Structure formats: C-alpha cells, structure tokens
Amino acid sequence: MEVAVVGTGYVGLTTAVSFALHGHRVTGVDVDAAKINRLKQKICPIYEPGLEEALARAIDSGALRFAASLKEGARDADVLFICVGTPEAADGSADLSYLFAAVDDIRALQADVPKQRTVVIKSTVPVGTADRVAALLAACGGIHVASNPEFLREGSALQDALSPSRIVIGADADEAFAVLKRLYEGVKAPRVFTTRADAELIKYASNAFLATKISFMNELARLCAVLGTDVQTVARGMGLDSRIGPEFLQAGLGFGGSCFPKDTIALLQLAKQHGVSLSILEKVRDLNATQPDWFIARLRDRLGTLHGKRIAVLGLAFKPNTDDIREAPSLKVLNVLLREGAAVSAYDPVASPAVARLFPQVTYASDPYAALQAADAAVLVTEWKQCVDLDWQQVKAVMNAPVLFDGRNAWPADALSKAGFVYVGVGRS
Ligand SMILES: NC(=O)c1ccc[n+]([C@@H]2O[C@H](COP(=O)([O-])OP(=O)(O)OC[C@H]3O[C@@H](n4cnc5c(N)ncnc54)[C@H](O)[C@@H]3O)[C@@H](O)[C@H]2O)c1
Ligand SMILES: O=c1ccn([C@@H]2O[C@H](COP(=O)(O)OP(=O)(O)O[C@H]3O[C@H](CO)[C@@H](O)[C@H](O)[C@H]3O)[C@@H](O)[C@H]2O)c(=O)[nH]1
C-alpha cells in the first residue's frame, strides 16, 4: 500500500517514519517547503530523541520520501493520513482551517487521479469533523473516511508510535476498517473499532481525564502546603491502588504543551455548543491557569519582594526531552517575574532560542551553574536531567542565597534541607 502523510509536524513525521519502519512505502507532504527540504536532507526539524536517526534509516531504506504537494509526490497514495495542526481558535474551539485546506488538496488530487482511497484523520478534531469530511469527499467518489486519533507524547514520540497503548479506529465501512487493519498489522496493541464520532471523543476524553488527574493533584498540593503534608508521598500512596494508578499524579506548575491546554478548552467549547456544561473540566482549566501564579506568590512571600531580585529559572520547554514551548508554564513564570521587576537568568538544554524570541530581556545561560550565578533564588520549571542532577555544593557556592523553589518536585528535598538550603516544593517542603 502507498501511504501519504499530510503534515509533517510532531505527529505526521513520527507517523510517516513509523509506518516506513513497518515496511510501508510512505510519502510525507507538507506546505512548508523549507521543512520538506530539510527532511529530504535527513534533518529532523524538531528535537525528539531517536527520531533523526530513524528518519535517516527510513529514507536510506527507500521506504520514506518527502514532497511539497500531494500532486507532486503522492498521486498513487491508497491511504492518506491527515496530520495537520488543529490549534486553538479565538473562541477556544479547534481551528480546522488547516484540516479543510488539506481536504481540498485531497479532493483536487482525486479529481486529477481518481482511484479507491482511504482518508484517515489523525489530527485531534471535534466530534463530527470526520463525518463532515466524509460528506465533503463523497462527491469525489471512491473515498472512505476514517478517524484514527494519535496518543503519542512529545519526548517519546517515536517509541509511542511504534508501541502504542492502543489503536483506535473509527469508520463506517468494512473497506476502511480492512485497510487500517492491514496497515497496523504487526503492531502489538489492543484495538478499538468503533464509529468515527466515538473515536474522536476517545481522544479528547483521554486528554481531558489526564489533565484532570494533574489539576486534582495541583489543587491537593495547595492543601498540602498549608497542612505541611507531602504531596509526593500522598501521590505515591494513592498510586499504588491499581484503580488510581501511579501516572499523571505529579503536582507541579501545571500542564502545558500543544495538546492538554487546547484540547481541554476545545472539549469545553464543543460541550457548550451542544448545551452541556462540563463543570469539572472548567475547574481543571481554571486551576491550571493559576498554578504558576500560586507558586510564584510563595516565592514573593519568601523573598519579601521580587523587585530587584535575581532569579534563576531552570528549564523552559513544556516538559523534558523536547524543544516545544507551546503553552509552556515557563512563559507564565517569566511573565510574572519580569512584570514584578526581577532580573532573570535562564537555562534550558534546547529551548532557549525559542523563548529568547519572546523574552529578549532574560539572560540565557549555557549551563545551569551560569544561570544560578549570584541568584537570590532558583526556580525549577522543567525537570530536565541537566536541571535536576546538580552538584549542590557548587550550586550553594555560586548562588547569592540558597533558596530553591522546586516547581516539579524533582529535587531531593530532605537532602537539600539538611544541606542548609531553603527548599520549597509544590505541596512539599
Ligand atoms: N504534538 C503532539 O504531541 C500530538 C499528539 C497527538 C495528537 N496531536 C494532534 O495532531 C495534530 C498535529 O499536531 P502536531 O503537533 O504534529 O502539529 P505541528 O504544528 O507540529 O505540525 C503540523 C504540520 O502540518 C503542516 N500543514 C499545515 N497545513 C497543511 C496542508 N494543507 N498540507 C500539508 N501540510 C500542512 C504544517 O506546515 C506543519 O508542519 C493536531 O491536531 C494535534 O492536536 C498532537
Ligand atoms: O503527572 C504529571 C504529568 C504531566 N504533567 C504535565 O503535563 C503536560 C503534558 O505532559 P505529557 O502528557 O507527558 O506530554 P504531551 O506530549 O503533551 O502528551 C499529551 O498530549 C498528547 C497530544 O494530544 C497526547 O497524544 C498524549 O497521550 C498526552 O500524554 C506537561 O506540561 C507535563 O509537565 C504534570 O504536570 N504532571
């Protein structure tokens, strides 16, 4: 089967590479010509562990190529995966303009080269979108439409795509199910076969539920901070119950990234359009929005004022192992610190250039100790290994005052307190 992947961002590129590694012939297509040129030269446009090597292997094997348009490179495609972005529109709903532009391209391709094809929507889209796309493409003839949401995480994208937790396929025709079953042959994972609408909702509901776990713990952390209890220990004790599970109980500065923030808001918007209020999710969103402010307020209390203080910020990406700063909590932290007149030095192994474009007034250091130099306090924002495994004697020697605010509960609290640091975590001190 000839596979085309439309959109070569995090999801599209990972999808293209993983299908190629599974032995399919794949063409990656993107409207961003510069990105396509780099991909042709085996240069991965994103920081994602292992992806660049896998990209080179897939290209060298002859299974993967790239093209700037469907007509140029994917005329014979039997299956077309739509993996374009669905960012937040002004009203919070998912902006589907990239998706419908891709559908237009597919319609033009089908008019040019008519054949039996399956169009698979992998982008995260509101319930009903795949049915709309099917209605639009019905006039072309010969096209089935399926929904196959993606659950990969940034930082472990390739691994997640090669060994997914589950494969969800929504369709309304046996032919479409058969095509996707063949494509995923050999991938070990439970399958869910359902309607397109169910598949679309499974994606949003999964992200909303994970976001809810995080906000629950972040709110609990606020109680722990007052009671003097340790949210980490509480989370561990809770997570040992298999009905709760240990994952996504990590209190911190809130969830960021290209998915949870926009997907929770898009689900709220979808529910509102249908006259339903998802009140738990509303609280999840609101709590997340205030979490960095809540933590920085504790820092302000500790220092008396932030004005004129030198603050070191360690970690800027929305999570470790990515250079993605979309909705990163670091942006909110920098905003508050700068607004209140602090002098900020920051360190991140890969995300500094992207943040520097937004915050030129911050000093960007090339290692954590340089960022900590003469600092009145340090804030851990992203738990990169490079920001967590520090030589604490050196940290103490370079800082102006040994004040550590651990926004990810990743530093060794007890050892640091014993070593004479002032340690404040999120619901843990
Ligand atoms: N990033 C993730 O971890 C992740 C995980 C699961 C699902 N998703 C969902 O997958 C979708 C894609 O996310 P992403 O992070 O990969 O997006 P992205 O912004 O990284 O990449 C989207 C790509 O699509 C290209 N594009 C836009 N319009 C196009 C068109 N008409 N034809 C061809 N290419 C086009 C863009 O140039 C860009 O390269 C979104 O709906 C997102 O919610 C993302
Ligand atoms: O216990 C936790 C777990 C995560 N986070 C934060 O939550 C955000 C998202 O983390 P993660 O889920 O690991 O990263 P993403 O790459 O955004 O992946 C999520 O979003 C993707 C896009 O929809 C989905 O495909 C994935 O299944 C889903 O985990 C990050 O800011 C994390 O710091 C916490 O604060 N506490």
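Residues numbered from 1 in each chain as written. Chains lettered and ligands numbered in written order. Predicted model: local features only at pLDDT ≥ 70, side-chain atom pairs only at ≥ 80, totals over all residues.

Under an unreviewed UniProt entry, the name given to the chain is UDP-glucose 6-dehydrogenase, and the organism recorded is Brevibacillus aydinogluensis. Its UniProt record, at the heading Catalytic activity (unreviewed entry), says of the chain: "UDP-alpha-D-glucose + 2 NAD(+) + H2O = UDP-alpha-D-glucuronate + 2 NADH + 3 H(+)". Recorded in UniProt under Sequence similarities (unreviewed entry), the annotation for the chain is "Belongs to the UDP-glucose/GDP-mannose dehydrogenase family." (UniProt positions renumbered as here; feature names shortened; annotations may be inferred.)

(A) Broad picture of the site of ligand 1. Close to ligand 1 lie 27 residues, the nearest being Gly 7, Gly 9, Gly 85, Ser 123 and Thr 124. For the shell around ligand 1, the elements supplying multiple residues, two or more each, are helix H1 (10–21) and helix H5 (97–112). Looking at the shell around ligand 1, the element that brings in the most residues is H5, giving four residues. Taken together, the residues of the shell around ligand 1 sort by class into twelve nonpolar, nine polar and six charged. (Near = placed C-beta within 6 Å. Helix = DSSP H or I, 4+ residues; strand = E, 2+ residues; numbered from the N terminus. Nonpolar A, V, L, I, M, F, W, Y, C, P; charged D, E, K, R; others polar.)

(B) Focus on the site of ligand 2. Around ligand 2, the structure places 21 residues, and the nearest of them are Glu 154, Gln 250, Phe 255, Gly 257 and Cys 259. Of all the secondary-structure elements, those providing two or more residues to the shell around ligand 2 are helix H9 (196–227) and helix H11 (260–273). Among the domains, domain 1 (2–194) and domain 2 (206–425) are the pair contributing at least three residues each to the shell around ligand 2. (Domains from an automatic or database assignment.)

(C) Here's a closer look at the packing of helix H12 (residues 279–303) against helix H13 (residues 329–339). Contact pair H12 / H13: the axes reach a minimum separation of 9 Å and the direction vectors enclose 45 degrees. Judged by the angle between their axes, H12 and H13 are oblique. Where H12 crosses over H13, the handedness of that crossing is right-handed. Note on element contacts: H13 touches H12 through Pro 329, Lys 332, Val 333, Val 336 and Leu 337, opposite Pro 292, Asp 293 and Ile 296. Of the residues that constitute the contact of H12 with H13, the class distribution is six nonpolar, no polar and two charged. (Axes fitted to C-alpha atoms, helices over the stretch in contact; angles between N-to-C directions. Parallel < 35°, antiparallel > 145°, perpendicular 65-115°, else oblique. Left-handed = near helix turned anticlockwise from the far one by under 90°. Contact = placed C-beta atoms within 7 Å.)

(D) Representation of H13 in the model. Here H13 has its buried residues at Pro 329, Ser 330, Lys 332, Val 333, Leu 334 and Leu 337. Contacts made by the buried residues of H13 are with H12, strand S9 (310–314), strand S10 (343–347), helix H14 (352–358) and strand S12 (377–380). (Buried ≥ 20, exposed ≤ 12 C-beta atoms within 10 Å, placed from the backbone.)

(E) The arrangement of the nonpolar core in detail. Val 6, Ile 82, Ala 378 and Val 379 are the most contacted members of the largest nonpolar core, which totals 125 residues. The greatest single-element share of this core, amounting to ten residues, is contributed by H9. Both domain 1 (2–194) and domain 2 (206–425) contribute no fewer than three residues apiece to this core. Not counting the four nearest positions on each side in its chain, Val 379 is found in contact with Leu 299, Ile 311, Val 313, Leu 314, Val 333, Phe 405 and Gly 407. (Core = buried A, V, L, I, M, F, W, Y, C linked by C-beta atoms within 7 Å.)

(F) Fine view of the domain arrangement of the chain. Along its sequence, the chain is carved into domain 1 (2–194) and domain 2 (206–425). Here domain 1 and domain 2 have C-alpha centroids that lie 33 Å from each other. Contacts between the two partners involve 16 residues from domain 1 and, on the opposite side, 16 residues from domain 2. Classifying every residue of the side of domain 1 that touches domain 2 gives eight nonpolar, four polar and four charged.

(G) Inspection of the sheet that holds strand S13 (residues 403–406) at higher detail. A sheet is described by the order of its strands in space; here six strands give the open sequence S11-S10-S9-S12-S13-S14, paired in parallel fashion. The two strands at the open ends of the sheet, each matched to only one other strand, are strand S11 (363–364) and strand S14 (422–425). When S10 meets S11, the two strands line up parallel, connected through two bridges. By the bridge assignment for S11, Ala 346 is matched with Tyr 364. Here H13 sits on the sheet and contacts S9, S10 and S12; the angle it forms with S9, its principal contact strand, is near 175 degrees. (Pairing = 2+ DSSP bridges.)

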